[in-house]
Structures are given as C-alpha cells and as structure tokens.
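Notes for the structure review
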There are 2 protein chains.
Amino acid sequence: MAPASSTTMTSSAELHRQVASLLVVRCSGFASDSQRRYPRWELTNGSLHRLLGEGVGGVILLGGSAADLRLRCEQLRRWAGGPLLLCADVEEGVGQRFEGASWLVPPLALGRLHASDPAQATALAERYGRCTGRQARLVGLNWVLGPVCDVSNNPSNPVINVRAWGETPEVAGSLASSFLRGCQAEGVLACAKHFPGHGDTSSDSHLELPLLPHSRERLQAVELPPFRAAITAGVASVMTAHLQLPALDPDRPATLSSAVLTDLLRHDLGFGGLVVTDALVMEAISAHHGPAEAAVLAFEAGADLILMPADADAAIQGMVQAVQSGRISRERLQASLERRQRALAACAAPPAAGKALSADLLDELEQLVSPEEQQLSRNLLELSLETTPARGTLPSGPGVNLIRLDTQLNSPQLPAMAPALLRPAACGYAPTLLDGRSTSPWSNDPAAPLALDRLGPGPVLLQLFVRGNPFRGSAGTEEPWPAVLNQLQAAGRLAGLAIYGSPYLWQELQPLLPAGVAAAYSPGQMPQAQAVLLERLGLAAAALEGGFTD
Amino acid sequence: MAPASSTTMTSSAELHRQVASLLVVRCSGFASDSQRRYPRWELTNGSLHRLLGEGVGGVILLGGSAADLRLRCEQLRRWAGGPLLLCADVEEGVGQRFEGASWLVPPLALGRLHASDPAQATALAERYGRCTGRQARLVGLNWVLGPVCDVSNNPSNPVINVRAWGETPEVAGSLASSFLRGCQAEGVLACAKHFPGHGDTSSDSHLELPLLPHSRERLQAVELPPFRAAITAGVASVMTAHLQLPALDPDRPATLSSAVLTDLLRHDLGFGGLVVTDALVMEAISAHHGPAEAAVLAFEAGADLILMPADADAAIQGMVQAVQSGRISRERLQASLERRQRALAACAAPPAAGKALSADLLDELEQLVSPEEQQLSRNLLELSLETTPARGTLPSGPGVNLIRLDTQLNSPQLPAMAPALLRPAACGYAPTLLDGRSTSPWSNDPAAPLALDRLGPGPVLLQLFVRGNPFRGSAGTEEPWPAVLNQLQAAGRLAGLAIYGSPYLWQELQPLLPAGVAAAYSPGQMPQAQAVLLERLGLAAAALEGGFTD
C-alpha cells in the first residue's frame, strides 16, 4: 500500500480506538458465560475480551459476589491493556448489587431524617458515600453510578421513589452532595443522575419515553437545583435521563438533546466533567433509533460516554463514520477524550495487580466491611425505623405470616434464613408468600378482598415489601391493602403490619391501623432491616434454625 | 516448670493437634461471615482460622460460586499451614453446589440407562467421575463426598432417590465404581456412602434415626454389594450411615457401631482406607449424644474422621481425654493418622499458591468447564429424557404454566431466566408457582382438587419439580397430582406435563395421560434439563427476554 493510504489506515484505526474508549459496555460480574443472569444484555467473555482489546474504555458490571467482582475487575483491566472506567449501579452501597459488601438503607431514609436533624443526616450521607466509595475501590471499581439527584416529589413514580435523597430540591441537593463528596474522597468517581430530573414522572423509561410537561421556570425551581448542588460539590460525572421535556426541546429526549446537554448542562450550569448517557438499550431510545444513530445523536447532543449501546460494534462504526464525514468534529471528539482522561486521573489507583491477587486477597475481602461500616448500616436502619405511636405487640401464634414481595425467585431480600421468615416462625406464624406468580389470594369481594380460606387459621402478620411501585395509583384496585387491613381487623385477625421500602404506602396504611396493633416501617428491605424492624415489634432473634444443607 | 512436666505438656499439645487433624469442620465457601447461608452450621471465619491453626485437618464446604470456592480453599490451606482434606457434597458434579462448574444429571439417570445400554452407561459414569474430580481439583478441593452406594429400591425413600447410581445392587455397584475410578484418576479422593446402605429407608436421618430391619443375609445380598464393588475399585473413603441395623448391632447406629465399622467394614470387607462419619450434628446422633461423646464413640467404633461435630472444641477435648485415659489406644489413633496421611498422599497437588492466585486465575475459572464436559452434560440430559410414546404438542396459549417446586427462595433450579419460565411464556403460558409457602391452590373436592378459579384461564401446562420426596406415599393425600391430571383432562384443560427429578412420580402419572398430551420426564432439574425437555415438547429457545437490571 502507498504511504498515504497507510497513514489513512493508521489514522482510521486510531480513530476507532478513540471512539471505542468512549463506550461503556455491560458484562456480568461472574467468571463464566453460563452464570450470566441477563444474557441478552451481558456480553459474552469472547465479545468482551475482543471489544476491550479494540479499546472499549468502560464497563458496567452487575451480578456476582464481592469476591467474584474483585477478580472480574482485575481480569477486565488485563484484557483492556489500558485504564478502564469500571462502574456499577451501587446507589445503596456496594452490597446492594454485590454480596459481601455493605448494603445500606435507601437514600430517602436520610432525606426524611433531614427534617428532624439536618446535621446528622448530612454527616451520615457523607459517611454513606465514603462507605460506598471505599468498598467500590476495594472490589476494583472506580466509578459509582450515584447519587440520584432526582427529587422524590411524585409518590406514583415507579422508578425513583426511595432511591432519591430528598423530597425537596434543597434536601435532595444537599444530601446528594454530601454523598458524592464522601465517595469521591475515596478516589472513586460519582455520577449525578438522571439529568435534568426524573423525580416527577409516573412512567418507566425502561419501557417507554416519559414526558415531563413542566415549564423552564419550574425546572429551574425544582428539578435542577440538586444538579447545581452536585456540580458545585465537584461531581465527576452526570448521567442523562431518557425523558421528553417539551419546554427545553420539543423534538428530542434529554439524552439526545443538545438543548439539554450542551446549552443547559454545559453552558448554563457550567458542568465541565463527564456526561454519560443512561443505557441506550432502554426502550425509550432503542425503540426509536438504531444503535449507531443513537450513539451519534447522544454524542452530538453533548454526551461524552455512551452507556450500553444496543450494539457496541455498530455504535463504534457509526461514531467513526460521523467523525470521518465531519458530522462530529475532531475537536469535539478530543474534548470528550480529554474529559475521560481527566476523570481517570482523579481516580485512586486500582488495586495493584500484584497486591490484588496476592495471598491476602481473600483476607482483604473478608474484611471488606469495616467495623465502622457495620455500625453505619445498623445506625441508618435504627434511625430510619418508624412505628405507630401506640405500639402493640404481636399476639401469640399459631398464625399466618403473609409476605408480599415483587418476586421470590432469587430475592436477595429473602434468603431462606431471612428474619422476616424465621422470627415470626419462632412465634408460630407460618409463612405464606405472595408475588406476581402466586396462586391468586384474592376473592371477588372488594370489601373483603383477601380470600381467607386460602390461608391458614389464626392472626395474620402482614409484611409488605414494596418500593418503586408505590401503590398510590393502584391501591384499591390491583393490590387492595387498605381494604385488607380493614377486613382483617373486622375479622379480629390483624396481628401486625411491617412495611419495607416505600414510605408512601406506610403513610397510606398507618392511619387505618387500630390502636395497639404492632406496626412498623423500614425504608430498607434487606435481612438486616427485617431484623431491626421485627425486634422493635417484639420478635427477638430466632435461633438460627433450618436444615443444614440444601 | 520441671522438664518432666514440660514433656507432658508438649505431648499433650501434640496429641491435641493429632486429634484435631481427624476432624472435618464445616464452613461456607463465601468470603465473609455475613454471606453464610446456614450460620448455625457454618463456622465464623474467626473460629475457623483458630481451629485450623490448632490443627483441624479437614473442611467441608457449601455455598459460593466456583470462583468464591477457589479463593476460599486457598485461604483455608494458608490458615492451616499443613495439608488439608477439603471436601464437598458434589455428588452430581461440582456445579450442583458451586455455580460456574458442571451440574450433571442425577446418577440414577445412568442407572436407568444401564438397563438398555450397560456399556454406554458405564463409560458415561466414568466420564461423570472424571468431570467431577477434575473440576473439584481445579476449584481447590481434594475430596468428593460421592458416590452414593445405596441402592434405590424404595421409592418412598425421602433422601436417596435419584442420588443413587442404580435400583439393583449390581448396577449401583458397577456404576458407582466407574464414577469413583474416574474421580480418583483426577487425583481427587472419592467416598462411598452411606455404609452399610441407606437405600431402603423411608425416614430421614437428618431428622431422626431410621431403622433397617433386614437380616444379615439380606444385607449381604442387597445393601453391601455396591460397597464391596467400590472397595474393590479402590475407593479412598467410606462414609457411615446414621442407621439402626438390629441384625448387625442391636444397640448402636452404624456410625457408632464397632460391629458395623470394624467387624464388617474393616474385617469382613477388608477396607483399609479412610472411614468418615456422616455429619455428627444430624439429629439421629446429636439428639442422643453430646459432641464429645459422639466423637469418641464413632472413633472407638472404627471411624477415622469425625465430620461436622456439633462442637469441634468439645470433640477434640473428648478425644484427647479418651486417649489420655486409655479408652482409645495410641495405636488406634496412630492408625487413623496414618490412613489420613496415605489418603492425602494419593491426592494431586493442590493448585500451587503462586499459580493459584496468578493473573490467570479468572481465565482458568472461565474455562473451568471444558468443551467435552459441556457436551457430557448435554448428552446425559438427552439420553435420560423420556417422553410418552404418542407425543403431543402444547396447544397455543393463553394458558397457565403451573410449576410445583420445593421452594422458590434462592432456587438454583429456577433463576429468573429459567427455560421453565421463559419458554412457556413465549407461547402465552403465564407462570403460577406453587411451593410449601404458597397460598393454597387446593379445593376441598378430592375428585377436583385443584381450585381452578385461583388460576388464570386456558390450558394448563404442569411442571413438577420433585425429587427425594417421591410422593408415592402421599399422592392422593398431600399433593394429589393423579387426581389433578384427571381433573384437568375432564375440564379439557390439560396442555402438557413435565416432570423433573423423580422417575417414580413419572411412572405413576404417565399411565394416566391421555394419548396426544405433550409430556416428558427428565431426571435433572437444572435450567439445562428444562431446555432439553421443553425443546422435546416443541418449545424452542425463547428470545432471552426480561428486564436488564434487577
């Protein structure tokens, strides 16, 4: 080949690598392809190895224990041969996704504590961020996809709910900023999301494109302040929302809108860090644009990093062509590459490969959660627990422990030894579990919706695991818990109520409770939250019963 | 201190270490205490580290992925400072317990294949053992607690069932021997269990002490031959059963009986390898003897290794005192120590610590299952699949996919993307799941036991996950599946039947099926078994649908 052509080739290969470095692809935290929980979305090891070799610069991980993840991150760094952005949706502590690390109470718990004790809430939010950042670093991540900066001001929002740090712009902004300061002080990047604000939507952008009809003034007053606060606090990255905001851009969703990402975020808010899209595979985007065009549109709009393109090769190819054709300027590309470099430079060094896989690795993992962090988990749960003013105690069994949850299958909330199962059992309450795949527990009588003949005899303890699906819009139709409370009370069978997750369901049901009924609410759903709540209802730690093998 | 006293002290400390080396304690395969699934039975890291430091010589592991286990075994070896026996109940492939490795069809599948093709069954049993041994070695184990040498000749046996290699003494002995040859050829010890034969019991020794009323002649004819075969094949260890056998010992269960362990196993059968007790925490033993006395009695009876004493410190102390008092002779102790040494010498070297934690570790784990082993898993499933002679196809939905399983909680059989869920869903069959914690699906009408008004409309596909709980004794009372089949057929709603696990339930239900109804049986319950079975029923691989995050 002629030198000119060869130069072009080299330049094209280099361009390919540059563009690839701006992609964040998804894989499982497990070692083998057969362990992937979501094979449609998680790359095979073969594809992943190849793409990292071609320069793909970021990976989002889901699945696996903290130990699995630690090994996996090391492997990805090795496959990449260069610095990588390694991130995960660990908004509620690394243990929310990777077992063995700290799983903390959802952020909104601190938002609610803020009303009575703002100083304590602020200090705890920073420790929450420290804990998340420190453990993220120890397992090999350098980028936490949090804090949520959306304001939880719409109880029927199906996706934000307790993930938000506050119910007002001020509280959300203040606590989200404390979180990100703590996280970033550990050398791990944080990410303010979902710009310009996903709190006041009542549909789910995983499934469709929600619309936020508010005026620019309203957005300035409510949605944007938490992002301004996060930017002032030095947040390293901002994630875009798949939202239609007609007041800002009549044509394009925020993720693809230069009015939103460039004019508003870069210019008006002065954000100089990394802008990352939310996952482009989400229906809100992928139903309307092919993988190449979606990536190019997002980049043109002002995004630096492309998260989870539906097809990584197509996205790279599309971006390369857009640069070669002049649709995307070399300067614009260079600016994004530089922002990525700056972000990486701000990260603590990854666990050194030698140290990483030294003989001490498992001891390190065993001590992943420090005693202070253990105390933090427990403090957060105790501070956020709510009970009725006139607290009752559970009548003695035999009775029914009726547990409602989204799904029983591989539920991290409900391992076989979960306190929500064991402690009532120790008092004679036999578990009945309801989820979307259960035999129907419902009668045809709206005034007595629970078919009591399908349950065992005796008093009924209701334990409702509900979050991100706040019931307000559906209570009385789909899952009629208010009517059930009245029904059980009328039948003399209401033993107690425990709500794990949504404060809005608690606010709705609490006024219906007769005095003296044992009832409590925890924003957390994890086993530790159950233990703290049930202890308050008088159910002490059960002997750890159960078969000794599967 | 005076020299004499000092000598005594040293000797006592040495005795303590010697005795400790004969214990096999239990821990989780996970890194942190908080990840233990059975904290009542699994030592904390603190206790484990201390006990290994004091010389405890064996560990049985449960829980964690293959990657977790690999790290864990390395850690235990380091804590021990000496060679360790590391074992697990991986009778059906390492993947039965540790995700990421091969999870094979239960042994009885080959026992049944043996009737039509003994040569193929024998060859496959050896490859089964090879696969299990090889992967055990790669994850750090050196001792597989299999093969089961019990004969599955009692369909109401609640604990053996498909774990056995055959329904006759000849087949069980022949295939168990092939398995153990394959396993031991990989440098991993095998273990014939549960001596002298647990096949013909109908109660569960985890809960009580079963009694086997057979004469010595009957035992010689039925129960013992598979153990004779295993011993001839060179099995490295034999595990005792917690069984009362009045014909052999009117007073003591096999685990504690010198008539069984010494007279029969050592002398009559000439077994010179390691004798290990079944877990001493099981109620059959622990309800009758304290932890110290149980260990001493088992050792006195002829056991070399004490598995899962209820209290390891007490067991060591009890054994030390028994030696010091002369109740156990020094020679007897020495013989057991030497047998343990010989067994360890027969093991392949553990993965070298350097290699073990080298940068290649995760690549190694990723390739844990070889292409041949992948093929073996699939072959075993295809060979063991059974269908009705006149095979039907599933009517088109909408319909009900009624799945019966022991528990939905953390069921490895039913991850959210399991074929048993996804494939019928792709044809319009909505899942309804039943387990012991479900709202009752039963009416009060024995002739029409299923309360159809609690299910959705349309044809019903029944998928029954049943094993080790064979229904024969309870069908028609507890779970009336024969009546359900007739009921659905009479209502014109029987779409199909899939049975995963027990051949005895299949044998019972198959004759009740009308011609042309889609029906099949697989001994396996894992997702791959579901895929193979449902494909045979005409349900092709579904697009891997589902949300892309939890």
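The structure displayed is predicted, hence computed values, not measured ones.

Rules used throughout
Residues numbered from 1 in each chain as written. Chains lettered and ligands numbered in written order. Predicted model: local features only at pLDDT ≥ 70, side-chain atom pairs only at ≥ 80, totals over all residues. Heavy atoms only, no water. Helix = DSSP H or I, 4+ residues; strand = E, 2+ residues; numbered from the N terminus. Rg over C-alpha atoms; globule rule 2.2 N^0.38 Å. Buried < 20%, exposed > 50% of the residue type's maximum accessible area, 1.4 Å probe, protein only. Contact = heavy atoms within 4.5 Å. Areas by Shrake-Rupley, 256 points an atom, 1.4 Å probe, with all protein chains shown as cover. Pairing = 2+ DSSP bridges. pLDDT = per-residue confidence, 0-100. Salt bridge = Lys/Arg side-chain N within 4 Å of Asp/Glu carboxyl O. Polar contact = N/O pair within 3.5 Å; in protein donor to acceptor, adjacent residues only side chain to side chain. Nonpolar A, V, L, I, M, F, W, Y, C, P; charged D, E, K, R; others polar. Least-squares fit on C-alpha atoms with pLDDT ≥ 70 in both. Phe/Tyr/Trp six-rings, centres within 6.5 Å; stacked < 30°, edge-to-face > 60°. Lys NZ or Arg CZ within 6 Å of the ring centre and 35° of its normal. Right-handed = clockwise from strand over helix to strand, strands pointing away. Axes fitted to C-alpha atoms, helices over the stretch in contact; angles between N-to-C directions. Parallel < 35°, antiparallel > 145°, perpendicular 65-115°, else oblique. Left-handed = near helix turned anticlockwise from the far one by under 90°. Expected span 1.5 Å × (residues − 1).

The next thing to look at is the overall build of chain A. The secondary structure content of chain A amounts to 19 helices and 14 strands. Taken against the 2.2 N^0.38 rule, which gives 24 Å for 550 residues, the C-alpha radius of gyration of chain A at 25 Å falls within 12% of a compact globule. The burial tally for chain A puts 61% of its 550 residues in the buried class. A separation of at least 24 residues holds for 78% of the contacts in chain A among residues at least 6 apart in sequence. Total accessible area computed for chain A in this model is approximately 18400 Å², and 53% of it derives from carbon and sulfur atoms.

Time to look at the sheet that holds strand S8 (residues 306–307) of chain B. Each strand in a sheet pairs with another by means of backbone hydrogen bonds, the pair being arranged parallel or else antiparallel. Residues and elements named next belong to chain B. Judged by pairing direction, the sheet is parallel, and its five strands sit side by side in the order S4-S3-S2-S1-S8 without closing on themselves. One side of each edge strand has no neighbouring strand; the edge strands of this open sheet are strand S4 (143–144) and S8. Note: strand S1 (residues 23–28) against S8, two bridges, orientation parallel. Bridge pairing in S8 places Val24 opposite Leu307.

Residue and element names in this part refer to chain A. Pairing within the open sheet is mixed, and its six strands lie in the order S9-S14-S13-S12-S10-S11. In the strand order of this sheet, the two ends are held by strand S9 (386–387) and strand S11 (429–434), each with one partner. Pairing geometry for strand S10 (residues 399–404) and S11, over six bridges, is parallel. Within the sheet, the bridge partner assigned to Arg404 lies in S11 and is Leu434.

What follows is about the confidence of the model for chain A. Residues and elements named next belong to chain A. Residues of chain A with pLDDT of at least 70 account for 92%, and the chain-wide mean is 91. Counting contacts from residues 470–477, a segment whose pLDDT is below 50, to residues more than four positions away or on other chains yields 18 contacts. For the stretch residues 545–550, pLDDT sits under 50, and the model shows 21 contacts to residues farther than four places along the chain or on other chains. At the level of chain-chain contacts, confidence expressed as ipTM amounts to 0.90, with global pTM at 0.92.

This next bit is on the interface of chain B and chain A. Chain B puts 66 residues into the contact, and the matching count from chain A is 66 residues. There are four salt bridges connecting chain B and chain A. Arg454 of chain B is the partner of Asp453 of chain A in a salt bridge, and the nearest nitrogen-oxygen pair spans 3.8 Å. Linking chain B to chain A there are 11 residue pairs in polar contact (both at pLDDT 80 or more). Sorting the residues of the side of chain B that touches chain A by element identifies helix H3 (66–80), helix H15 (361–366) and strand S11 (429–434) of chain B as the ones contributing at least two each. Among the elements that line the side of chain B that touches chain A, the one with the most residues is H3 of chain B, at seven residues. Across the side of chain B that touches chain A, the residue classes break down as 31 nonpolar, 18 polar and 17 charged.

Note on the copies: chain B fits chain A at an RMSD of 0.0 Å, the axial shift is 0.0 Å, and the rotation between them is 180°. Classification of the inter-copy transformation places it as that of a two-fold axis. Proximity to the rotation axis, assessed at the C-alpha, singles out Asn410 of chain B in chain B; its C-alpha lies 2.2 Å from the axis. Here 100% of the interface residues in chain B have copies in chain A that are interface residues too; the copies meet face to matching face.

Another aspect to go through is unusual backbone geometry. Geometrically, the link from Gly397 of chain A to Pro398 of chain A is a cis peptide bond, its omega value of 5° lying close to zero. Across the junction of Phe195 of chain B and Pro196 of chain B, the peptide omega takes the value 5°, indicating a cis bond. Tracing the backbone through its elements, the reader meets Pro196 of chain B in the loop between strand S5 (191–195) and helix H7 (216–223). Located in the positive-phi region is Asn410 of chain A, a residue other than glycine, with phi close to 50°.

Moving on, we get to the packing of aromatic side chains. Given two aromatic rings, their pairing is described by the distance between the two centres and the angle made by the two planes. For the structure shown, the criterion picks out 14 aromatic pairs over all chains. Pairing Tyr128 of chain A with Phe179 of chain A gives two aromatic rings, centres 5.8 Å apart and planes at 65°, and the pair type is edge-to-face. Of this pair, Tyr128 of chain A sits in helix H5 (residues 118–139) while Phe179 of chain A sits in helix H6 (residues 169–185), placing them 51 residues apart in sequence. Here the two residues Tyr128 of chain A and Phe179 of chain A agree in accessibility, since each one is buried. Consider the rings of Trp506 of chain B and Tyr521 of chain B, whose centres lie 6.1 Å apart with planes at 15°: the pair is stacked. Here the residue Trp506 of chain B occupies a position in helix H19 (residues 503–509), and Tyr521 of chain B occupies one in strand S14 (residues 518–522), the gap between them amounting to 15 residues. Each of the two residues, Trp506 of chain B as well as Tyr521 of chain B, counts as buried. These aromatic residues form a ring-pair network of at least three members: Tyr128, Trp165 and Phe179 of chain A. The cationic tip of Arg332 of chain A hangs over the ring face of Phe299 of chain A; the distance from NZ or CZ to the ring centre is 4.0 Å.

Under the criterion given, the structure shown has 48 salt bridges over all chains. A salt bridge links Glu479 of chain A to Arg404 of chain A; the shortest N-O distance between them is 2.8 Å. With a gap of 75 residues between them, Glu479 of chain A in the loop between strand S12 (460–466) and helix H17 (481–490) and Arg404 of chain A in strand S10 connect regions that are remote in the sequence. The class of Glu479 of chain A is buried, set by a relative accessible area of 19%. In this structure, Lys193 of chain B engages Glu91 of chain B in a salt bridge whose closest nitrogen and oxygen atoms are separated by 2.7 Å. Of this pair, Lys193 of chain B sits in strand S5 while Glu91 of chain B is found in the loop between strand S3 (85–88) and helix H4 (108–116), placing the two residues 102 residues apart along the sequence. Glu91 of chain B shares its class with Lys193 of chain B; the two are buried. Three or more residues joined by partner-sharing salt bridges are found here, namely Asp89, Glu91, Arg163 and Lys193 of chain A.

What follows deals with the pairing of strand S2 (residues 58–62) of chain A. Walk down a regular strand and you will see the side chains alternate between the two sheet faces. All names here are of chain A. With five of its five residues buried, S2 lies for the most part within the structure. Covered by surrounding structure in S2 are Gly58, Ile60 and Leu62 together with Val59 and Leu61, the residues of both alternating faces. Where strand S1 (residues 23–28) lies against S2, five bridges are found, and the strand directions are parallel. Along S2, the bridge assignment pairs Cys27 with Leu61. Regarding topology, helix H2 (residues 45–53) serves as the crossover connection from S1 to the parallel S2, and that connection is right-handed. Strand direction decides the pairing type here: S2 and strand S3 (residues 85–88), joined by three bridges, are parallel. Each residue of the ladder has a partner; that of Ile60, found in S3, is Cys87.

All names here are of chain A. Position of Thr201 relative to the elements: it lies in the loop between strand S5 (191–195) and helix H7 (216–232). Under the relative-accessibility criterion, Thr201 is labelled buried at 1%. Linking Thr201 and Leu212, residues 11 residues apart in sequence, is a C-alpha distance of 6.5 Å. Excluding residues within four positions of it along the chain, Thr201 makes contact with Asn154, Asn157, Pro158, Pro210, Leu212 and Leu243.

All right, on to the packing of H5 of chain A against helix H15 (residues 371–384) of chain A then. Residue and element names in this part refer to chain A. Viewed as axis vectors pointing N to C, H5 and H15 meet at an angle of 140°, and their least axial separation amounts to 11 Å. When the axes of H5 and H15 are compared, the pair comes out oblique. Two packed elements cross with a definite hand, and for H5 against H15 that hand is left-handed. The segment H5 lies against H15, with Gln120, Leu124, Arg127, Tyr128, Cys131, Arg134 and Gln135 engaging Glu372, Glu373, Leu376, Leu380 and Leu383. A breakdown of the residues in the contact of H5 with H15 according to their chemical character gives six nonpolar, two polar and four charged.

Our next topic: helix H12 (residues 312–324) of chain B. All names here are of chain B. Its 13 residues give H12 an end-to-end C-alpha distance of 18 Å, which sits within 8% of 18 Å, the value for a rise of 1.5 Å per residue. For H12, the full list of buried residues reads Ala312, Ala315, Ile316, Gly318, Met319, Val320, Ala322 and Val323. Where H12 begins, the side chain of Asp311 points an oxygen toward the backbone nitrogen of Asp313, at a separation of 3.0 Å. In the stretch just after H12, Gly326 is the one whose phi turns positive, near 90°.

A few words now on the environment of Leu305 of chain B. All names here are of chain B. Along the chain, Leu305 falls in the loop between helix H11 (291–301) and S8. When the C-alpha atoms of Leu305 and Gly57 are compared, they prove to be 9.3 Å apart, with 248 residues separating the residues in sequence. Leave out the neighbours within four places in its chain, and Leu305 touches Ser21, Leu22, Val24, Leu85, Trp143, Leu274, Val275, Val276, Thr277 and Arg340.

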